[in-house]
Amino acid sequence: MHMPGNIVATSSATGKSGAEIKLHAQGLSKSYGTSVALHPIELKIRSGELLTLLGPSGSGKTTLLQLICGLVEPTNGRLVIDGKDHTETTANKRDIGVVFQNYALFPHLTVQENVAFPLQMRKLDAALIRTKVQNALAMVGLVEFEKRFPLELSGGQQQRVALARCLVYEPSIILMDESLSALDRKLRETMQIEIKRIHRETKSTIVFVTHDQEEALALSDRICLMNAGRIEQLGTPEEIYERPASTFAAEFIGITNLLRGHVEGMTLVTAEGVLPLPPSCRASNGERGALIIRPEQMSLVAAGNCFLSGCVTESIYAGSETRVLIALRSGAVFTVRRQAGQQLLQLGSEVGLNWEPRQSQYLKS
Amino acid sequence: MADLAIAAPASNHTSRRGSAFWLVVPGIVFLLAFFLLPTLQMMSISFVERATGDFGVSAYVKLFGSKVYSRVLGTTFMIAFQVTVLCLLLGYPLAYWLSQQPARRQRIALMFILLPFWTSPLVLNFSWLVLLGRNGVVALVMSNLGLPGGDDLLFSRTTVLFAMIHTMLPLTVVTMLPVMNTVDKRLTMAAMTLGASAPQAFWQIYLPLCMRGVATAGLLVFISALGFFITPALVGGRQETMISQLIITQIQQLQNWQLGSALAVVLIAAALLTIFLYDRIFGLSTMSGGQTAGSAEGKLRLFGIALTKRVGGFFSRVGEVYGRTIRGLPARKLLSAYCTLVIAILLFPIIAFIPMAFTEGSFLSFPPKGLGIRWFEAYAASPLWVSATLRSFAIGIVAAALTLVIASFAAFALAKSSSRLAGFAFLLFMAPMVVPPIVIAISLFYLFAQLQLIATDISIVIGHTVIAMPIVFVILLATFKGHDWRLDQVASTLGANRFQVVRRVTLPLVRSGVVVGFVTGFLQSFQELTVAIFLGGGLKTTLPKQMWDDITLQVNPTLAAAAVVVLLIVIIMFVIIECMQPRRT
Amino acid sequence: MSKTIKITRRNVLQAGVAVGALAVPAIFTRGAFAAEQITVSDVGGAPGEAIKKAFYEPFEKETGIKVVGVAHDPDPVTQFKLLVDTKSYIWDVSMVTPDHVVRLTNEKNYLAPLGISEADGKDILPGMLTSNWLGFSVFAIAMAYRTDKFDGKDPQSWPDFWDVEKFPGRRALYKDPWGLLEVALLADGVKPADIYPIDVDRAFASLEKIREHVNVWWTSGAQNTQILQNGEVDMSDTWSARAYAAIAGGAPLKILFQGCYSVDGWSIPEGTPRLALAQQFVKFCMQPEHQAAYSTIVANGPSNSKAFNFLSAERAAVLPTAPDNIKSLFEMNTAWWGKNYDAMAERMQEFLLQ
């Protein structure tokens with residue numbers, strides 16, 4: 001079990017360390033009857049950072065998001081924003097912007113009216129509203145679409161309207177709930193760049209929810225990895241990718257090369273044989289754990305005189321690199337990345353796998 | 001029935017464009033012959049002078065010139081208007097509440113709400129006569145509570161409005177509900193995060209989004225209310241006379257076809273005008289579920305937005321004051337309590353009927369005097385009741401089968417066709433819904449009189465088929481639209497011939513829609529009175545006609561016994577429909 | 001579970017088709033009248049039941065000719081005209097009043113002769129038999145009131161009915177001018193002999209005085225029985241047999257025989273192919289024992305003077321034709337109504353809406 005407090009304490013900062021805390025979830029939890037959607041968590045979000053809530057469906061990330069924006073009342077705990085307790089504040093008074101999964105644009109209002117809506121709710125002067133809406137639409141490049149209805153726009157355009165509607169009233173925190181998941185890959189990448197740019201320009205605090213680890217790695221200042229209603233790991237993308245705190249974190253972040261076993265001396269006894277542990281690791285004899293090696297840190301060698309060996313089952317060409325799948329004797333499948341231009345491997349051929357033990361990582365189960 | 005919102009006939013994926021379109025022809029021919037042309041013929045009589053046979057408009061001069069007729073027109077529109085507004089106001093919270101319920105509870109609650117809809121208005125009104133009478137159970141309760149006026153509940157405008165709302169409320173709710181069910185609940189959430197208070201989110205976002213359902217409900221209720229005659233005739237006072245009653249008087253009592261058909265023309269014109277206004281405001285295609293894009297600059301739209309903004313702001317302030325003063329009063333519980341009460345009132349006259357049928361006394365009373373099955377025995381022993389019941393069954397089954405065949409051909413053709421004629425055919429199939437049954441009945445009466453087909457079962461079957469056509473057609477169109485035709489194509493590529501495709505793939509998948517269509521058609525016929533009165537000619541008596549005769553000619557508890565039998569049949573049919581409804585995902 | 005439902009659904013569908021197939025032939029055999037069968041339309045309800053027992057069943061027994069009884073609309077004139085005009089003879093004999101007869105003969109003759117000789121009709125009371133109509137059911141338009149509501153100070157006349165101060169209580173009146181205008185004139189002090197021709201303005205003026213005090217405007221005989229039976233009103237005008245039905249049902253009612261009387265009778269539609277059988281039936285209905293049987297079941301008077309020989313004294317006393325009852329009744333002027341009914345109906349409508 002990871003104590004939430006520990007995570008905050010241990011996660012090293014990225015350079016914004018020591019920045020003021022924008023939002024603090026203190027022991028926040030949510031249960032529906034007997035089923036627990038979110039165990040009590042402790043989470044501090046810094047002002048101006050882009051934090052991703054990453055996790056599989058049912059991990060509690062959307063619940064946490066709804067608790068933050070006030071659409072769901074917590075079972076326990078407090079929510080502090082800018083040092084003030086906002087646990088009881090209703091959604092419309094929280095000064096938080098949300099970009100919903102399917103954008104939640106009002107179909108009966110035009111683009112312009114959609115974007116003006118939050119300003120009207122805040123009873124701004126009509127002329128001011130017009131200027132602000134124009135600016136927001138300019139920022140997302142949709143000025144000429146202001147008289148259209150949402151259904152007359154493409155998915156990417158709708159997404160940008162939703163973004164503009166959220167940015168226009170300059171909320172100090174923006175929450176994005178799987179906002180890019182409905183877009184195709186190319187558009188998603190464009191929007192990721194857009195969001196990073198807007199984040200830089202507006203200096204707003206953004207909480208981004210996603211189940212896509214690549215997206216999380218690409219966007220975030222920090223990632224909050226969630227699993228089964230708990231925070232699994234909190235840290236920068238590099239920290240999470242390079243030093244996953246658990247086998248779940250490792251697997252979820254996309255590292256499939258993992259072998260379980262028990263420790264004997266400085267080795268791990270696995271079904272594939274006895275493998276060396278990284279020199280820096282401190283493990284006691286007999287304890288169970290797993291060894292992970294990232295694909296790009298493995299090299300393919302001739303069979304024999306290697307840590308592991310197996311058969312090439314698939315070779316996937318992806319332009320700059322080739323991913324080779326290798327079935328080990330125990331049935332586990334390892335992925336190895338090879339730079340482009342190297343010799344092609346025969347399917348079914350026997351190969352060996354080697355790596356620098358210090359580049360591998362040991363995780364206690 | 002529960003699903004009025006279906007996609008309008010629009011272009012569809014079909015490789016053989018229009019190849020199935022000829023299937024719509026039988027329906028068009030049928031409706032032209034037994035609906036459109038007879039109606040036009042009947043309307044034309046109003047321009048033929050009774051005495052001379054020349055063209056003339058004296059009927060209209062009389063209609064709008066005389067105080068009595070203009071007063072009845074005024075009364076009719078006023079009552080229809082009041083019923084519509086009240087139905088919408090009372091039905092909206094109920095529909096809203098239903099849309100918030102889990103699917104299963106929604107279906108159960110809907111069953112209770114729809115039960116009075118499928119129970120003959122005759123039964124309901126007669127129940128009110130007994131329950132609200134001077135010595136009825138309501139008067140008794142009121143006097144025990146010390147409330148005055150319990151002895152004078154019947155025969156007034158209020159009673160007519162109450163009974164009509166009672167009849168129309170289920171229709172209102174089932175028309176609004178599908179639209180509410182499709183409103184994305186995240187939109188109000190989104191509005192809240194954008195700074196809207198709960199009242200603002202409701203008025204500015206939720207209400208405009210279900211306006212389409214509200215407007216369609218209003219349209220249907222208003223048009224149906226225009227054609228009412230049973231309720232004002234049975235529970236109305238001397239001033240509650242509506243156009244349909246005048247039509248019956250003119251044609252049945254005074255043989256004045258000219259004036260009678262002129263009144264019918266006014267009724268049709270009013271219905272068409274309503275539809276025209278609806279079309280201008282909401283667009284007809286929305287009735288069938290199409291989205292209106294509309295112009296962003298439309299004056300009406302801007303007006304609506306401004307209005308909802310004002311109202312939203314107002315209620316938002318009210319909410320704030322309310323929240324400050326009586327904080328914590330559970331609005332949800334209040335709504336649940338309201339809905340439970342409304343459903344209880346909807347069911348009250350039906351449930352009250354059952355003990356009345358088991359009375360030992362010679363007259364209908366509530367609570368009944370002694371319990372026994374004497375009147376069920378009388379019902380079973382009476383050749384009149386038994387033959388009426390059997391005839392209603394036979395006519396219902398044949399009419400439902402005929403409607404089903406015609407409507408499924410047409411719906412199949414329209415679902416797969418993008419022909420220009422499709423729009424016309426769609427309107428034609430829906431048209432009997434907006435022409436009051438009384439007009440259809442007298443039009444057919446006139447036609448069949450010429451063909452010497454009055455007082456035949458076949459004439460009633462045809463009349464019922466016309467009346468049941470729109471709803472059955474809508475159900476089947478929704479079924480065929482919802483059917484994934486690619487599955488048929490897949491079956492073909494897997495080696496099935498056309499017959500096998502229909503038998504093994506299409507039919508099993510659309511079966512529930514077909515059965516619901518059949519049962520709905522049967523129920524329409526089974527509870528229909530107007531056509532049966534006119535076309536039965538007093539010889540071919542259906543169950544509702546026998547009940548009507550009993551109410552007007554002889555009042556005894558056999559009527560209640562028969563009503564219980566009808567209720568039982570309706571419930572069985574209803575359960576069939578419910579079991580066949582595709583599970584909501 | 002889902003398997004069972006599936007099977008049930010399929011069965012339902014198949015059953016529906018099967019029943020539908022069975023029902024089809026029945027639907028298309030229209031009007032398969034046997035040669036020896038006539039259809040008679042009557043007013044249905046309680047009188048209809050009595051007619052069936054007193055006339056249809058014995059006639060069938062005696063002659064072997066089957067009689068199918070059907071109920072017609074409260075005003076059968078339209079249906080009557082229609083079936084003759086379209087030659088769809090769904091009725092061979094119909095129950096009509098003398099003013100119906102007037103309306104069925106004034107513009108065009110819709111009635112066939114009854115073919116009853118003078119000798120055959122010698123026992124029939126005067127005015128009860130014409131060439132195309134036989135009266136057999138004398139009824140009174142009179143007043144009925146609850147005896148439990150007036151503390152012994154019962155209303156004694158129509159002016160009393162109009163006197164809402166002296167006789168408070170809920171009132172009902174017929175929602176139709178037929179018979180009502182006569183009553184209104186009586187209430188206004190017009191003598192029975194001076195009723196016809198009806199002073200329409202005076203009658204409506206009289207009605208106007210009572211209009212606001214009428215709680216129920218009844219529209220059918222059955223409703224009249226019902227509201228008197230269950231105490232919905234304390235006093236009402238009535239068709240005597242209808243009030244008597246409530247008395248027979250145990251309601252504390254008294255009929256005040258003041259007003260007019262009229263007669264229901266049989267007519268035959270012109271051109272029916274079963275004319276001979278229809279005439280045979282009407283002739284059968286003249287017989288005193290059958291008329292007496294009818295008057296025993298329903299409290300309407302017979303037209304055959306000899307019928308009283310078959311009636312008990314107690315029964316005869318409750319009929320409108322009993323000497324004590326008929327002395328304060330005058331005969332309804334059916335010619336006046338035949339001519340003026342349409343105009344009066346319209347004026348009545350206007351009157352009610354005010």
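Residues numbered from 1 in each chain as written. Chains lettered and ligands numbered in written order. Predicted model: local features only at pLDDT ≥ 70, side-chain atom pairs only at ≥ 80, totals over all residues. Heavy atoms only, no water.

Asker: Kindly report on the overall build of chain A, identifying the contributing residues and their values.
Answerer: Each helix and strand in chain A was counted, giving nine helices and 20 strands. Dimensions of chain A, computed from C-alpha atoms along their principal axes, come out at roughly 75 × 45 × 40 Å. For chain A, the proportion of its 365 residues judged to be buried stands at 51%. Put simply, 66% of the contacts in chain A that link residues at least 6 apart link residues at least 24 apart. Split by element, the accessible area of chain A, about 16,400 Å² in all, is 49% carbon and sulfur. Considering chain A, the positive charge centre built from 38 side chains and the negative charge centre built from 37 side chains are found 3 Å apart. (Helix = DSSP H or I, 4+ residues; strand = E, 2+ residues; numbered from the N terminus. Buried < 20%, exposed > 50% of the residue type's maximum accessible area, 1.4 Å probe, protein only. Contact = heavy atoms within 4.5 Å. Areas by Shrake-Rupley, 256 points an atom, 1.4 Å probe, with all protein chains shown as cover. Lys, Arg positive; Asp, Glu negative; His and termini not counted. Charge placed at Lys NZ, Arg CZ, Asp CG, Glu CD.)

Asker: Residues and numbers for the overall build of chain B, please.
Answerer: Per the secondary structure count, chain B includes 24 helices and zero strands. Here the C-alpha atoms of chain B give a radius of gyration of 25 Å, agreeing with the 25 Å that 2.2 N^0.38 yields for 585 residues. Each of the three principal axes of chain B carries a C-alpha extent, and together these read 70 × 65 × 55 Å. In chain B, buried positions account for 61% of the 585 residues. Partitioning the contacts of chain B with sequence separation of at least 6, the portion at a separation of at least 24 is 79%. Counting 40 positive and 19 negative side-chain charges, chain B places the centres of these two groups 10 Å from one another. (Rg over C-alpha atoms; globule rule 2.2 N^0.38 Å.)

Asker: Could you give an account of the arrangement of the chains, with specific residues and numbers?
Answerer: Once contacts are tallied for each of the two pairs of chains in contact, the highest total is for chains B and C. Between chain A and chain C there is no contact; the minimum C-alpha to C-alpha separation amounts to 29 Å.

Asker: Run through the sheet that holds strand β6 (residues 96-99) of chain A, naming residues and quoting values.
Answerer: All names here are of chain A. If you trace the six strands from one edge of the open sheet to the other, you get β6-β7-β8-β3-β9-β10, paired in mixed fashion. Two strands lie at the open edges of the sheet, namely β6 and β10 (230-235), each paired on one side alone. Across the sheet, the axes of successive neighbouring strands diverge by a mean angle of 20°, strand direction being ignored. Sheet topology places β6 next to strand β7 (residues 173-177); four bridges connect them, and they run parallel. Its bridge partner being in β7, V99 is matched across the sheet by M176. Of the strands in this sheet, β3 (50-54), β6, β7, β8 (205-210) and β9 (222-227) touch helix α2 (residues 61-69), which is tilted by about 150° from β7. (Pairing = 2+ DSSP bridges. Axes fitted to C-alpha atoms, helices over the stretch in contact; angles between N-to-C directions.)

Asker: Please set out the interface of chain C and chain B residue by residue, giving values where relevant.
Answerer: Counting residues at the interface gives 70 residues for chain C, matched by 55 residues for chain B. Of the roughly 5,500 Å² buried between chain C and chain B on both sides combined, carbon and sulfur atoms contribute 57%. One salt bridge connects E346 of chain C with K62 of chain B, and the closest N-O pair in it is separated by 3.3 Å. Here chain C is connected to chain B by eleven residue pairs in polar contact (both at pLDDT 80 or more). When contributions to the side of chain C that touches chain B are tallied by element, the ones reaching two or more residues are α1 (2-28), α2 (45-63), β2 (66-71), α3 (77-85), β7 (214-218), α8 (221-229), α9 (240-248) and α14 (334-353) of chain C. (Buried area = accessible area lost by both parts, 1.4 Å probe. Salt bridge = Lys/Arg side-chain N within 4 Å of Asp/Glu carboxyl O. Polar contact = N/O pair within 3.5 Å; in protein donor to acceptor, adjacent residues only side chain to side chain.)

Asker: Tell me about the confidence of the model for chain A, residues and numbers included.
Answerer: Of all residues in chain A, 95% attain a pLDDT of 70 or more, and the chain-wide mean is 86. Under a pLDDT of 50 for its full length, residues 1-17 of chain A has, in the predicted model, 25 contacts with residues more than four places off or in other chains. (pLDDT = per-residue confidence, 0-100.)

Asker: Tell me about the side chain of Q204 of chain B, residues and numbers included.
Answerer: Topologically, Q204 of chain B is positioned in helix α9 (residues 198-226). Residue Q204 of chain B is classed as buried on the basis of its relative accessible area of 6%. Setting aside residues up to four positions removed in sequence, Q204 of chain B forms contacts with H108, F117 and M121 of chain A together with T308 and K309 of chain B.

Asker: Describe the interface of chain A and chain B, naming the residues involved and giving the relevant values.
Answerer: Reports often express the size of an interface as the amount of accessible area lost when the parts come together. In this complex, chain A contributes 30 residues to the contact, which on the side of chain B involves 27 residues. By the criterion of area lost to chain B, the three top residues of chain A are N92, H108 and M121 of chain A, representing 24% of everything that side buries. At the surface where chain A touches chain B, the tally comes to zero salt bridges. Where chain A packs against chain B, one counts five residue pairs in polar contact (both at pLDDT 80 or more). Elements that contribute at least two residues to the side of chain A that touches chain B include exactly α2, β6 and α3 (111-121) of chain A. Ranked by residues supplied to the side of chain A that touches chain B, first place goes to α3 of chain A with five residues. Counted by class, the side of chain A that touches chain B contains 17 nonpolar, seven polar and six charged residues. (Nonpolar A, V, L, I, M, F, W, Y, C, P; charged D, E, K, R; others polar.)

Asker: I'd love a proper account of unusual backbone geometry, names of residues and values included.
Answerer: Leaving glycine aside, a negative phi is the common case for residues, and trans is the common case for peptide bonds. In this structure, P197 of chain C follows Y196 of chain C across a cis peptide bond, with omega equal to -10°. Looking at the secondary structure, you find P197 of chain C in the loop between α6 (180-187) and α7 (200-211). Here D82 of chain A, not a glycine, exhibits a phi torsion of approximately 50°, which is positive. Within the secondary structure, D82 of chain A is located in the loop between β4 (76-81) and β5 (84-85).

Asker: Describe the side chain of N325 of chain C, listing the residues and the values that go with them.
Answerer: All names here are of chain C. Following the sequence through the fold, N325 ends up in helix α13 (residues 323-326). The exposure class assigned to N325 is buried, which follows from its relative accessible area of 10%. Dropping the residues within four chain positions of it, N325 is found in contact with F257, A317, V318, L319 and P320.

Asker: Please give an account of the sheet that holds strand β12 (residues 267-270) of chain A that cites residues and values.
Answerer: All names here are of chain A. Read from one edge to the other, the open sheet built from five strands follows the order β13-β12-β11-β14-β20, with strand pairing classed as antiparallel. Both outer strands of the open sheet, β13 (273-276) and β20 (361-364), are each paired with one neighbouring strand and no more. Between one strand and the next, the sheet's axes are offset by a mean angle of 40°, whatever the strand orientation. Taken together, the five bridges between strand β11 (residues 258-264) and strand β14 (residues 288-292) define a ladder with antiparallel strand orientation. Bridge pairing in β14 places R260 opposite A290.

Asker: Describe the nonpolar core, with residues and values.
Answerer: If you look at the biggest cluster of nonpolar residues, it comprises 383 residues, and the most contacted ones within it are W266 and F281 of chain C. No other element matches helix α19 (residues 457-482) of chain B, which puts 16 residues into this core. Excluding its chain neighbours within four sequence positions, the residues that come into contact with F281 of chain C are I38, V40, F55, Y56, F59, V67, V93 and W266 of chain C. Judged by nonpolar contacts, the second largest core, of 20 residues, contains L277, L328, F334 and V336 of chain A. (Core = buried A, V, L, I, M, F, W, Y, C linked by side-chain atoms within 4.5 Å.)

Asker: Got a sec to walk through the confidence of the model for chain B? Specific residues and values, please.
Answerer: Detailed reading of predicted coordinates is not advised where the pLDDT is low. Residues and elements named next belong to chain B. Averaged over every residue, the pLDDT of chain B is 84; residues scoring 70 or more account for 90%. Element-level mean pLDDT values for chain B span from 78 in helix α13 (residues 299-325) up to 94 in helix α1 (residues 25-45). Low pLDDT, under 50, characterises residues 1-18; the stretch is placed with 42 contacts to residues that sit more than four places away or in other chains. Note on the complex model: pTM 0.81, ipTM 0.75.

Asker: Could you give me a rundown of the environment of N106 of chain C, with the residues and numbers involved?
Answerer: Secondary-structure assignment places N106 of chain C in the loop between α4 (98-105) and β4 (111-112). Here the alpha-carbon distance between N106 of chain C and E36 of chain C, two residues 70 residues apart in the chain, equals 32 Å.

Asker: Pulling in residues and values, what's your account of the pairing of strand β5 (residues 134-146) of chain C?
Answerer: Residues and elements named next belong to chain C. Here β5 lies mainly inside the structure; 13 of its 13 residues are buried. As paired strands, β5 and strand β8 (residues 235-239) are joined by five bridges and run antiparallel to one another. From the neighbouring strand, Y145 faces β8, where its bridge partner is M235.

Asker: Tell me what's going on with the packing of helix α21 (residues 498-526) of chain B against helix α24 (residues 558-580) of chain B, and back it up with residues and numbers.
Answerer: Residue and element names in this part refer to chain B. In contact at an axis separation of 9 Å, α21 and α24 are set at 160° when each is read in the N-to-C sense. Compared by their axis directions, α21 and α24 come out roughly antiparallel. The two elements α21 and α24 meet at a crossing, and its hand is left-handed. Only V566, I569, V570, M573, I576, I577 and M580 of α24 make contact with α21, whose side of the interface consists of R511, S512, V515, V516, V519, T520, F522, L523 and F526. Here the contact of α21 with α24 is composed, by residue class, of 13 nonpolar, two polar and one charged. (Parallel < 35°, antiparallel > 145°, perpendicular 65-115°, else oblique. Left-handed = near helix turned anticlockwise from the far one by under 90°.)

Asker: Please set out helix α6 (residues 137-144) of chain B residue by residue, giving values where relevant.
Answerer: Residues and elements named next belong to chain B. Within the span of α6, buried status applies to V137, A139 and M142. The inward-facing, buried residues of α6 contact α5 (121-131) and α14 (331-357). At the exit of α6 stands G146, carrying a positive phi of roughly 80°.

Asker: Residues and numbers for the pattern of salt bridges, please.
Answerer: Residues and elements named next belong to chain A. All told, the structure shown has 34 salt bridges over all chains when counted by the stated rule. For E178, the salt bridge identified is with K61, shortest N-O distance 3.6 Å. Placement of E178 in the loop between β7 and α6 (185-202) and of K61 in helix α2 is noted, with a sequence separation of 117 residues between them. Overall, the relative accessible area of 7% leaves E178 in the buried class. Here K61 falls in the buried class, since its relative accessible area comes to 4%.

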